[in-house]
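Chain and residue survey
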Amino acid sequence: MSPQPQAAVGSPLSRVDGRLKVTGQAQYAAEFDVDGVVHAVIVDASVGRGRITAIDTGAAEKHPGVLRVISHRNAPKLPYRHNSGSNNLPGRRLRVFQDDRVLFHGQPVAVVVATTLETAQHGASLVRVEYDAEQPSTDLHEAERDEPTAYARGDADAGLRSSAVRLDLTYRLARNHHNPMEPHATIARWDGDKVTVWDKTQWVMGTRDEIAAVFDLPADAVRVINPFVGGGFGSGLRCWPHTIVAAVAARETKRPVKLVLSRRQMYFGTGFRPTYEYRLRLGSDRRGRLTAATHDIDAETSSYETFTEGVMAPGQMLYSMPHVSQTYRTVPLDVNTPIWMRGPGFASASFVIESAMDELAHKLGVDPIELRRRNEPSEDEAKNLPFSTRRLRECYAVGAREFGWDRRNPRPRSTRDGDWLVGLGMAAGVYDPGRFPAQARARLHADGTAVVEAAATDMGPGTYTSQTQVAADALGLTMRTVTFRLGDSLYPQTGPHGGSSTMASVGSAVVDACNKVRQQAIELAVGDEESPLHGVPAGDVVVRNGRLHVRGTPARGETYRSLLARHNRSHMEARGNYAGPPTPERNSYNAYNATFAEVAVDATLGLVRVRRMLGVYDAGRIISPKLAESQAIGGIVGGIGTALLEHTVTDHRDGRIVNANLADYLVPVNADVPQVRAIYLDGEDNAGNALGVKGLGEVVQVGVAAAIGNAVFNATGRRVRELPITAEALL
């Protein structure tokens, strides 16, 4: 098949759905106009652990407009059959309204359904719940650990003993919450034994399968719709209890039910980046060649499920060293279950590893970039596989040049700007982008337009736009003649919209579907005696702007429209597939970055201000430079939040989250965001997928917090090993 001209891919195009969003025409989960919809509000547990001893719903049920109050006393018993194909985590799941147990503060214990939202809210305030309360366990440092997951190569303890230089460091990373703009919401409507759910989710197929499992339904009895998602960052990567509550309420009241979580409820209803305590022992020779490392990692999870993420991977392969030992222990607590958050696992590990590398560089008197160069591996030493591409050296070189790294004074607390201490820092980053099996369907219409469909999601990175670009070039059409549809479980199946997987997975399926349609048209034309292309080898035909022609001879050809009209065809259609990564894998497939930061710290008050940041990325082929720029800005801003602001505070007496609002849980605002610049290295990673992409939504946040922390040390001489970095820690 002849390669297609690339007119859309690689161009800095504006979002195809941008006008819908800025004019308010884009419909989010809570905004669908469903006839007869009523409203539901959850009643949350006010204790962190225990049993419900009484529920008084009388006042709520008597209130005008309240239709039903549902709790474990009157809720239907649900099958909750095993569902290995959805987004379940190991454990016994939270079975809402199935018993009197309270497993964490804020757990749903009842739901009030009413004719209006205000009535449901007031009805929920009238429900009285009594508990036999127990002392919850919510402190990572005081709870028992699970059995560890372990990794080892060489003899790390012996390697450390023989190392000329040794560091023994402990880091503590605070819990972070996603806080997307759009609150999580569900509308559920039953039609007999079938249910339609409009839901804020990053995985329509996973939500479909979870609902089917909970209610013991066939998968085709559940439809999940979500054409737009107002931010997710990982919070929508599983089906949460409120979605099940909405479906239960709709079935019990026989009315469509809308349930929208409040901002406060999202702090204990939709997961979070877990708290970590991470001890790293690192050894090297006197030239900085790493010899050994031990990683002892503790991370919180819930008491009823075991959540894990890829926090071990960077310590296994980012740098070359013969001896590595790791233990990763989850710590069951009386909290709701964590979930993946942007750069999951890798962002947390990178703060530890990259801070330690900076400490080692300072101790040895070696430039931090030079230390990293000296420890660059020739292959993935954990997998014993060659890298598909790894251009970290180039990231360092480009970043150092563009950021002015040569102006950095390596002596801490040596650069001032009035009352401000100024410092520069950098960090390397790596992320293993996901690749999941995916399908797509492409249909070329007789009028020369096309529709492409996949059950994907767009939580903000620009899936509508990037997939339209890929489809347009594969079909040889202009952007305005291609429509990409997503967010419906009736469309061809795809994996979750997370882990930097969508472009590689869905994009590969889209390319396959569109290539098949284009090939159908070419074969029809070259076999048609009435076509100007009759007899031309199919491999010599390309399509541009909807016109098939001989490569190098544009005058010889015809349009899709004329071809289909002559054959009385209303359309051509094909289904595309992407099987996922090869088994076994032949390459270590990762995206990389080098992140640079300049900070200023008030010498008297300890206040930290980020002045400028630069990220240089090895992320394969860039489908849309404008979208890529937006991704980098978002990831860097998220990293600023992790480094300096974000910290979920729990009252360990009862498990209550103290700062469950955007007044007390701080996230970066415009005044916190400095000059931000992103550079993407030209190139493709053709070993990873047909598009040559790596995915970039996660890697842009990995290493940001470490770069800022390292800059703070350069400015102040104070090494902070706890996130977020606060003024108190610098005084």
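Described below are features of the structure shown in this document. (Residues numbered from 1 in each chain as written. Predicted model: local features only at pLDDT ≥ 70, side-chain atom pairs only at ≥ 80, totals over all residues. Heavy atoms only, no water.)

Using a probe with the size of a water molecule, rolled over the atoms, empty space left in the structure can be pinpointed. As enumerated under the stated definition, the model contains 6 cavities of 30 Å³ or more in all. Of the voids in this model, the largest cavity is the one considered here, and its volume is about 260 Å³. Along the walls of the largest cavity sit 24 residues, with Leu94, Trp240, Pro241, His242 and Gly269 positioned nearest its centre. For the lining of the largest cavity, the secondary structure elements donating two or more residues are strand S1 (38–44), helix H6 (241–253) and helix H7 (263–269). Along the lines of polarity and charge, the residues of the lining of the largest cavity split into 13 nonpolar, 6 polar and 5 charged. Its boundaries defined by the atoms lining it, the second largest cavity holds a volume of some 110 Å³. Taken together, 16 residues make up the lining of the second largest cavity; nearest its centre are Arg273, Ala347, Thr642, Ala705 and Leu723. Listing elements by their share of the lining of the second largest cavity, those giving two or more residues are helix H9 (346–364), helix H15 (625–644) and helix H16 (704–716). The biggest single contributor to the lining of the second largest cavity is H9, with 4 residues. Taken together, the residues that form the lining of the second largest cavity break down as 7 nonpolar, 7 polar and 2 charged. (1 Å grid on protein atoms, 1.4 Å probe; cavity = no way out; pocket = protein on both sides within 12 Å on 5 of 7 lines; lining within 4 Å. Points joined across faces, edges and corners; volume = space filled by probe spheres on them. Helix = DSSP H or I, 4+ residues; strand = E, 2+ residues; numbered from the N terminus. Nonpolar A, V, L, I, M, F, W, Y, C, P; charged D, E, K, R; others polar.)

On to unusual backbone geometry, then. Each neighbour pair has its own omega, and for Thr583 with Pro584 the value is -5°, a cis peptide bond. Considering the arrangement of structural elements, one finds Pro584 in the loop between strand S24 (571–578) and strand S25 (591–602). In this structure, Pro724 follows Leu723 across a cis peptide bond, with omega equal to 0°. Mapped onto the elements of the fold, Pro724 is located in the loop between strand S30 (722–723) and helix H17 (727–730). Although it is not a glycine, Lys254 adopts a positive phi angle of roughly 60°. Of note, Lys254 is situated in the loop between H6 and strand S12 (257–260). The phi dihedral of Arg413 falls on the positive side, at around 65°, and the residue is not glycine. Within the secondary structure, Arg413 is located in the loop between helix H11 (392–403) and strand S16 (416–417).

Here we come to the packing of H15 against H16. Between H15 and H16, the shortest axis-to-axis distance is 8 Å and the interhelical angle comes to 55°. Considering the angle they form, H15 stands oblique to H16. Of the two possible hands of crossing, H15 and H16 adopt the one that is right-handed. Within the contact between the two elements, H15 uses Gly635, Ile636, Gly639, Ile640, Thr642, Ala643 and Leu644 and H16 uses Val704, Ala705 and Ile708. Classifying every residue of the contact of H15 with H16 by side-chain character gives 7 nonpolar, 3 polar and no charged. (Axes fitted to C-alpha atoms, helices over the stretch in contact; angles between N-to-C directions. Parallel < 35°, antiparallel > 145°, perpendicular 65-115°, else oblique. Left-handed = near helix turned anticlockwise from the far one by under 90°. Contact = heavy atoms within 4.5 Å.)

Applying the stated criterion across every chain, the model contains 13 aromatic pairs. Summarising the aromatic geometry, the rings of Trp190 and Phe215 are spaced 5.3 Å apart at their centres and angled 70° between planes, so their arrangement reads as edge-to-face. Here Trp190, found in strand S9 (residues 185–191), pairs with Phe215, found in helix H5 (residues 204–215); they are 25 residues apart in sequence, far enough to count as distant. With a centroid separation of 5.3 Å and an interplanar angle of 35°, the aromatic rings of Phe228 and Tyr464 are classed as tilted. With Phe228 in the loop between strand S11 (222–225) and H6 and Tyr464 in helix H12 (residues 463–475), this pair connects stretches of sequence that are 236 residues apart. When its relative accessible area of 10% is taken as the criterion, Tyr464 is described as buried. An aromatic cluster is built from Tyr28, Phe228 and Tyr464, whose rings are joined through pairwise contacts. (Phe/Tyr/Trp six-rings, centres within 6.5 Å; stacked < 30°, edge-to-face > 60°. Buried < 20%, exposed > 50% of the residue type's maximum accessible area, 1.4 Å probe, protein only.)

To continue, consider the nonpolar core. Ranked by size, the top nonpolar core spans 92 residues in total, and within it Leu282, Tyr319, Val599, Tyr680 and Ile708 carry the most contacts. Here the element with the most residues in this core is H9; it accounts for 10 residues. Formed by 53 residues, the second largest nonpolar core is a distinct cluster that contains Leu475, Val517, Tyr560 and Tyr578. (Core = buried A, V, L, I, M, F, W, Y, C linked by side-chain atoms within 4.5 Å.)

Note on pairing: side chains with opposite charge can pair once their charged atoms come close. As enumerated under the stated definition, the model contains 45 salt bridges in all. Its salt-bridge partner being Glu252, residue Arg68 comes within 3.5 Å of it at the nearest N-O pair. Of this pair, Arg68 sits in strand S3 (residues 66–71) while Glu252 sits in helix H6, and the two are 184 residues apart along the sequence. We classify Glu252 as partly exposed; its relative accessible area is 23%. Within this structure, Arg49, Arg101, Glu134 and Asp334 form a network of salt bridges that share partners. (Salt bridge = Lys/Arg side-chain N within 4 Å of Asp/Glu carboxyl O.)

As a further point, take the sheet that holds strand S29 (residues 675–680). Adjacent strands of a sheet pair through backbone hydrogen bonds, lying either parallel or antiparallel. Read across the sheet, 5 strands follow the order S16-S17-S25-S26-S29 without closing on themselves; strand pairing throughout is mixed. Two strands close off the open sheet at either side, each with one partner strand: S16 and S29. As judged from the 10 bridges shared by S25 and strand S26 (residues 608–618), these two strands associate in the antiparallel manner. Across the sheet, residue Ala594 finds its bridge partner in S26, namely Val616. Running at roughly 150° to strand S17 (residues 420–431), H16 makes contact with S17, S25 and S26 of the sheet. (Pairing = 2+ DSSP bridges.)

This paragraph deals with the sheet that holds strand S19 (residues 450–453). Pairing in this open sheet of 4 strands is mixed, and the strands run S20-S19-S18-S24 from one edge to the other. For this open sheet the edge positions go to strand S20 (482–485) and S24, each flanked by a neighbour on one side alone. Adjacent strand axes in the sheet meet at a mean angle of 15° when their direction is disregarded. In this structure, strand S18 (residues 438–445) lies alongside S19, joined through 4 bridges in antiparallel fashion.

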